[in-house]
Amino acid sequence: MVLKVFFPSCCSSAESGILIGRWISEQNSAVVLAVVHFPFIPVQVKQYLSELQRVTKVNVSVLGSWNNSKQEKEESLSEFLEDLGTIFSHEPWIQISKEGDSKFWSCSTLQKRSNNHREEEIILVYYDQRKVMLSCLHPPLDTGASTAHEAEDASRLSAIFDTVAKSKILFMTDKYDDGPIKLTHWQSDGVEASIIVELMKQASVPACMLLTFLLSLISGACKSRMLKFWPLSFLWSKLSTCEQLSHRLQHLQVISSNKKAQNQTQLMRKANIFVSLLIDVALGILLMSWLYRKNRIGHLADTLIPVADHVAEELQDLLQWLMGAPAGLKMNRALDQVLGRFFLYHIHLWISYIHLMSPFIEMILWYVGLSACLGLTVALCILSDIVALLTFHIYCFYVYGARLYCLKIYGLSSLWRLFRGKKWNVLRQRVDSCSYDLDQLFIGTLLFTILLFLLPTTALYYLVFTLLRLLVVIVQGLIHLLVDLVDSLPLYSIILRLCRSYRLAAGVKFRVLEQQDGKPLRLLMQINPLSYGSVVQTYRLPTYSCYPKDSWTSLCKKLFLGELIYPWKHKGEKQD
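So, how was this worked out
- Residues numbered from 1 in each chain as written.
- Predicted model: local features only at pLDDT ≥ 70, side-chain atom pairs only at ≥ 80, totals over all residues.
- Heavy atoms only, no water.
- Pairing = 2+ DSSP bridges.
- Helix = DSSP H or I, 4+ residues; strand = E, 2+ residues; numbered from the N terminus.
- UniProt positions renumbered as here; feature names shortened; annotations may be inferred.
- Polar contact = N/O pair within 3.5 Å; in protein donor to acceptor, adjacent residues only side chain to side chain.
- Contact = heavy atoms within 4.5 Å.
- Expected span 1.5 Å × (residues − 1).
- Buried < 20%, exposed > 50% of the residue type's maximum accessible area, 1.4 Å probe, protein only.
- Arc of directions from axis to C-beta.
- Salt bridge = Lys/Arg side-chain N within 4 Å of Asp/Glu carboxyl O.
- Disulfide = S-S within 2.5 Å.
- Phe/Tyr/Trp six-rings, centres within 6.5 Å; stacked < 30°, edge-to-face > 60°.

1. Some remarks on the pairing of strand β13 (residues 504-514)
Summarising the sheet, strand β9 (residues 136-137) and β13 pair through two bridges and their orientation is parallel. Its bridge partner lying in β13, C136 is registered against L504. In this sheet, strand β14 (residues 521-529) lies alongside β13 in antiparallel orientation, the contact comprising eight bridges. Looking across to β14, one finds that F510 is bridged to M525. The loop that links β13 with its antiparallel partner β14 comprises six residues; one of these, G518, has a positive phi angle of about 85 degrees.

This is the structure:
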């Protein structure tokens, strides 16, 4: 059977001593964690290992001996290291020896019961202890390509990664400590630390407490009874800005929570939310500084009124065209004039409303620009709400045309069933047979004829205003797509994948270092990072959906039947 020994590359130049680590019997593998140097007292080593097992919950033991002949030149050293196997009860006893300046190492196992060396194939695998400890091994995604064999390999690798990660406390001692045991591992020359990081940790505690208190006050104010009355509750549910502010408030509550992250996924989620908030606010401040520089707010306000007037004039020209003979089509003259004048009256009302608000437009935009300090997403949501308010007359035209068209479609379908001797059973939700008398058939024929000849005029108005409404919905949908992109993109994970790719491990690969007959095969274990697509798919933040609720078939059916197409953003729908 093949014996696999995972040896940390940082211990290759360590002085002679004993190997401590974990023996994984299911895989016939040994994971070496550190080397204990001479001199040491075996009782103290056993006490240290028992304390380490209690804290880390990892079965750490003495696996064997390590002989660096370049450092130790006594001939009896190898015999002494072999005799240590009688003190530390572990089977098999692994003996690794570095032969001077040679690049080949000798590795053997000793069975204490038979007291002889076992001649078995041994694979010596070097690994970077720091990278393995800091990395997080991700299981294969649930795809059709993933097989049971790949899942088994992932579970074997996770045992090795978990062993190194859980033994973090072992790496907190260095050679400068005054303890009775001297170890060699990746932090032997000094424990990695950062003064800035430690100061930020100390300062984050009171900052999080203050932020939690402020957020509790804001959350309590948002849940007050005043906001549940009709006008405020209606605005809160319809405005995208209110939804985005509520969404960001939840993010702030997650970040400022005193509850410690239980696993790597929760920790990465907090980090992604924190970085997303920072970048969002930074982009918002940049936008705000750009708006208030060179009086761009005033120029925007001066441009907004002429644009609104131009849109109104174009709508008036469009209605005048529809009231004539559009594209050579012969419309119902009376209905055409009634609908055209009705919509023209609304346009006149809208122009009066715009000119009434024109003295206050610059002041409104000035205060709206200040909201960009809350983040770019809040500014984009305000832009979406402004587009909805500026195109409210188009929405009204669409609703009028859709309701009138829908009434005629359902009237024609009901009268068509009357001709065939059918009727719609409301209780059983099905079409049943029915007998009609002559008067009912005569009135039905008249109504069907009237509705059928009036349908083209109504359908033309409905088609034009539906296209305008869809144009506005597409613009709002693109804005919400950009908002959801900023909200859901795991920026911290992407930056981590770019700068320290080993932190997000998808698997490992092995590179052959040396291979010689009679010597153990030496491999170098390297970490395969996750692809950028897998990083986004794994750590994508939940966000409010901004996609159509219905399929394309259902959407086309609604358009044909004249049912209302509401904005794409629906409150309360989240997408993971």
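On we go from here.
2. Brief notes about the UniProt feature "transmembrane region" (unreviewed entry) in the protein
The UniProt entry lists residues 203-222, 273-292, 338-357, 364-391, 397-419, 440-464 and 470-495 under the feature "transmembrane region" (unreviewed entry), expressed in the numbering used here. Taken as a whole, residues 397-419 contains 100% helix and 0% strand, while its terminal C-alpha atoms sit 33 Å from one another.

3. Description of the side chain of T241
Residue position: T241 is located in helix α7 (residues 240-255). A distance of 3.4 Å separates a polar atom in the side chain of T241 from the backbone nitrogen of I382. The residues contacting T241, other than those within four sequence positions of it, are V378, C381, I382 and D385.

4. Regarding helix α1 (residues 42-56)
The end-to-end C-alpha separation of α1 is 21 Å, in line with the 21 Å expected for 15 residues at 1.5 Å each. Of all the residues in α1, the buried ones are V45, L49, L52 and T56. Projected down its long axis, α1 shows its buried positions confined to an angular sector of 60 degrees, all on one face. The exposed set on the far side of α1, more than 90 degrees from its buried face, consists of V43, Q47 and R54. Once α1 ends, the next one or two residues include K57, with phi positive near 60 degrees.

5. Things to note about the pattern of salt bridges
Close approach of charged atoms lets side chains of opposite charge pair. By the definition in use, this model includes four salt bridges. Between R248 and D280 there is a salt bridge, with its nearest N and O atoms 3.1 Å apart. Pair noted here: R248 is in helix α7 and D280 is in helix α8 (residues 264-291), with a separation of 32 residues, a long-range link. Take R248 and D280: they sit in the same class, and that class is buried. Between D487 and R248 there is a salt bridge whose closest N-O contact spans 2.9 Å. Pair noted here: D487 is in helix α13 (residues 438-488) and R248 is in helix α7, with a separation of 239 residues, a long-range link. As far as burial versus exposure is concerned, D487 and R248 are alike and both buried.

6. As for the state of the cysteines
Throughout this description, disulfide means a covalent bond between two cysteine sulfur atoms. By the definition in use, this model includes zero disulfides. C381 takes part in no disulfide bond, and the closest cysteine sulfur, belonging to C242, lies 9.8 Å away.

7. Re the packing of aromatic side chains
By the definition in use, this model includes 16 aromatic pairs. For the ring pair F397 and F465, a centre distance of 5.2 Å and an interplane angle of 50 degrees mean the geometry is tilted. Of this pair, F397 sits in helix α12 (residues 392-419) while F465 sits in helix α13, and the two are 68 residues apart along the sequence. Its relative accessible area of 1% is what places F397 among the buried residues.

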